[in-house]
Amino acid sequence: MSARNRARNGQGTISPRQLKNGTTVYDAWTPPLIDPETGKKRRYPKRGLPNEREAATWIAKTISEVEAGNAVIEKRGGLTVDQVAERWAASSALKASTTADHLYNYRNMARAHIGSEPIAGLRSTHIDTLFATLSKKYAPSVMILLIRALSNFWDYAVRDSKAKSNIIKESPWRAKLYREAEDRKAEKLAEREDDEDGIIKVFTPEQVRTLVEMERNESYRLLWQFIVLTGARRGEALGLRWSEVDFEKRVIWLSDNTVRAGGQIMTVDTPKGNRRRRIYASDDVLEVLQEQKRHLERARKWFDDWQERDLVFPRAFRHRIAKEPVGGRMDPKAVSEVFLRRTRSLQLPEIGLHGLRHTCASAMYANGVDIKTIQDHLGHRVDVTTLVYVHTDAKTKREAVTRVVDYINRAKA
């Protein structure tokens, strides 16, 4: 069937074209279609296809996608960086939170500079200029986050034949920024070791009691208690649901991890460590959870717009810039910032919220719990070659969680 006939019967147009080296390629045009951006009819082109069959396949696929509203149509010069980023995100094999972070960093740092540029038209010198400009505003560690995002985009473009090579990896700025970030990291580590003699800071029993007793916000007070008594990670505590708490068997399943990624709050299926784990609850942990139940019952009566999510530690108070409704997830970053403000106002060591998890581990160790049991309880990955003959039974794990309470109660003496 000739190209003229194809155009007339609504199948689009395919025209052969010979390159200087003698190779024949095929240029394709769709029939007139409604542009989803302008609402006007236009024909979409695709040049340089290797054979007539692929040209016809491209036309059929493009017609289908445009009519379904799912097409990402190449503009003159090929796909833009924005379009490649969106395509990459739609098929990314990375965790949802990591994908969201990459898009967020790109959009906030580089989109205004290169977003509308055809990715095939950019050269490594353009990237050098971009990095030179942005490095005046952002620290090397932040620039590396952008480099990782852009490198993923270019890898995708190369696989999709939209770019010849990954020019992000070719840029000398990549090695320079990684080196500067490592140097700054080493400097900070040295400063911390000088200040702390290389010891991870934890709270003493007295300091734990001060934090809990002086906390006036009931939501935060119960959260601090839960983390220090169980050693749960921040995201694990904020992602915990009542359906995962078994009061009768005294067991808690930690399976969800609430994170903030790409400026949004999201819950991913597996916490850090990539495994769902079971922890045993002491009497004090169960008491904290029962108190939290009573607190939430009161909160549901206070707020007419409460949205039930089955969360153990939801946002049970109003906040003018909260990203979630009352009853929804608390912002992990905001929770850490609140904890830091509390430690400063109470003149406690600034150990960070994760320091409560370290405090739990230290309490267990100080009260004679073996390392293997502590690792199992905290969900740390262990070296199976060195611990292959070490076994921890359920009774030992149950006893371990009571040792934290014994440690904290020393302050009463």
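Keep in mind it's a predicted model, so treat the numbers as computed, not measured.

**Looking at the overall build of the protein chain**
Part 1 of the argument: A count of helical and extended segments in the protein chain gives 18 helices and 10 strands.
Part 2 of the argument: Considering the protein chain as a whole, with its 413 residues, one finds that 43% of them fall into the buried category.
Part 3 of the argument: Residue pairs at least 24 apart in sequence account for 57% of intrachain contacts in the protein chain once pairs closer than 6 positions are excluded.
Part 4 of the argument: Total accessible area on the protein chain is roughly 23,100 Å²; 47% of this is exposed by carbon and sulfur atoms.

**Brief notes about the side chain of R357**
Part 1 of the argument: For R357, the location among the structural elements is in helix α15 (residues 354-366).
Part 2 of the argument: The charged side chain of R357 is buried without a salt bridge, its nearest counter-charge being E236 at 4.6 Å.
Part 3 of the argument: In this structure, R357 is in contact with I227, G231, A232, R233, R277, L378 and H380, ignoring residues within four places of it in sequence.

**Notes on the packing of aromatic side chains**
Part 1 of the argument: On inspection of all chains with the given rule, the structure shows eight aromatic pairs.
Part 2 of the argument: Ring geometry for F203 against F339: centres 6.3 Å apart, planes inclined by 40 degrees, an arrangement best described as tilted. With F203 in the loop between α9 (172-196) and α10 (205-214) and F339 in helix α14 (residues 332-345), this residue pair connects regions lying 136 residues apart in the sequence.
Part 3 of the argument: Exposure remark for F339: the relative accessible area of 0% places this residue in the buried category.
Part 4 of the argument: A ring pair is formed by Y220 and F317, whose centres lie 5.5 Å apart and whose planes are at 50 degrees; its orientation type is tilted. With Y220 in helix α11 (residues 218-230) and F317 in the loop between α13 (283-302) and α14, this residue pair connects regions lying 97 residues apart in the sequence.

Conventions adopted
Residues numbered from 1 in each chain as written. Predicted model: local features only at pLDDT ≥ 70, side-chain atom pairs only at ≥ 80, totals over all residues. Heavy atoms only, no water. Helix = DSSP H or I, 4+ residues; strand = E, 2+ residues; numbered from the N terminus. Buried < 20%, exposed > 50% of the residue type's maximum accessible area, 1.4 Å probe, protein only. Contact = heavy atoms within 4.5 Å. Areas by Shrake-Rupley, 256 points an atom, 1.4 Å probe, with all protein chains shown as cover. Lys, Arg positive; Asp, Glu negative; His and termini not counted. Salt bridge = Lys/Arg side-chain N within 4 Å of Asp/Glu carboxyl O. Phe/Tyr/Trp six-rings, centres within 6.5 Å; stacked < 30°, edge-to-face > 60°.

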